[in-house]
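Structural features, examined
The lines below spell out each chain.
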Amino acid sequence: MTSNIDTPLSADALDPETLTAAVLEIDSVIDIYPPAFTLTQAPQLVTALVSGTPSRINLVEVRSDGAAHTLTARIGTHRHTPAPQAAAHVADALLARIPGGHDATVTVQISRIA
């Protein structure tokens, strides 16, 4: 993708909850897991544990510097779907949310096969 940003991003294009919902709609995805823990995520982790809502941290991770966007998803998939195929479906779904002209990278990690 080029970095010629002519098409503005919609308000929810980089929203982690919206992106997570898109990933969970994929048939081969059975769950989504939090991104690898870093110290900067400690407040969110504590809040999720205290409130009893782990879904608050089980989201697609979004990093953006305004011009380039990095989306990271850790997923669980069915054993009947080849893991590379499941990862490709997730990457396609996430990239489809980013309009042309925006530089985006997607990383998909298979964390569980059930």
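Residues numbered from 1 in each chain as written. Predicted model: local features only at pLDDT ≥ 70, side-chain atom pairs only at ≥ 80, totals over all residues. Heavy atoms only, no water.

Along the backbone of the protein chain there are 3 helices and 4 strands. Expressed as a percentage of its 114 residues, the buried residues of the protein chain come to 32%. Taking the intrachain contacts of the protein chain between residues at least 6 apart in sequence as the baseline, contacts between residues at least 24 apart amount to 74%. As displayed, the protein chain has an accessible area near 6,600 Å², and 55% of this comes from carbon and sulfur atoms. (Helix = DSSP H or I, 4+ residues; strand = E, 2+ residues; numbered from the N terminus. Buried < 20%, exposed > 50% of the residue type's maximum accessible area, 1.4 Å probe, protein only. Contact = heavy atoms within 4.5 Å. Areas by Shrake-Rupley, 256 points an atom, 1.4 Å probe, with all protein chains shown as cover.)

Of all the residues in helix α1 (residues 16–24), the buried ones are Thr 18, Leu 19, Thr 20, Ala 22 and Val 23. On its buried side, α1 packs onto β1 (29–33), β2 (61–64), β3 (68–77) and α3 (83–96).

Another aspect to go through is the nonpolar core. Val 23, Val 60, Ala 73, Ile 75, Val 90 and Leu 94 are the most contacted members of the largest nonpolar core, which has 14 residues in total. Looking at this core, the elements with two or more residues in it are α1, β1, β3 and α3. With sequence-adjacent residues up to four places away left out, Val 23 is seen in contact with Val 29, Ile 32, Val 60, Ile 75, Val 90 and Leu 94. (Core = buried A, V, L, I, M, F, W, Y, C linked by side-chain atoms within 4.5 Å.)

Attention now moves to the pairing of β3. Across the 10 residues of β3, 7 count as buried, placing the element largely inside the fold. Relative to β3, β2 runs antiparallel, the two sharing 4 bridges. Bridge pairing in β3 places Arg 63 opposite Thr 70. Connecting β2 to the antiparallel partner β3 that follows it, the hairpin turn spans 3 residues, and Gly 66 within it adopts a positive phi of roughly 100 degrees. The sheet contact formed by β3 and strand β4 (residues 103–113) spans 10 bridges and is parallel. Residue pairing for β4: Thr 77 is matched across the bridge by Ile 113. As a crossover connection, the stretch from β3 through α3 into β4 is right-handed. (Pairing = 2+ DSSP bridges. Right-handed = clockwise from strand over helix to strand, strands pointing away.)

Attention shifts here to the pattern of salt bridges. Under the definition given, this model contains 1 salt bridge. Close ionic contact of Arg 63 with Glu 61 constitutes a salt bridge, the shortest N to O distance being 2.9 Å. (Salt bridge = Lys/Arg side-chain N within 4 Å of Asp/Glu carboxyl O.)

This part takes up the confidence of the model for the protein chain. Here the protein chain shows a mean pLDDT of 82. Residues at 70 or above account for 74%. The secondary structure element of the protein chain with the lowest average pLDDT is helix α2 (residues 42–51), at 62, and the one with the highest is α3, at 96. (pLDDT = per-residue confidence, 0-100.)

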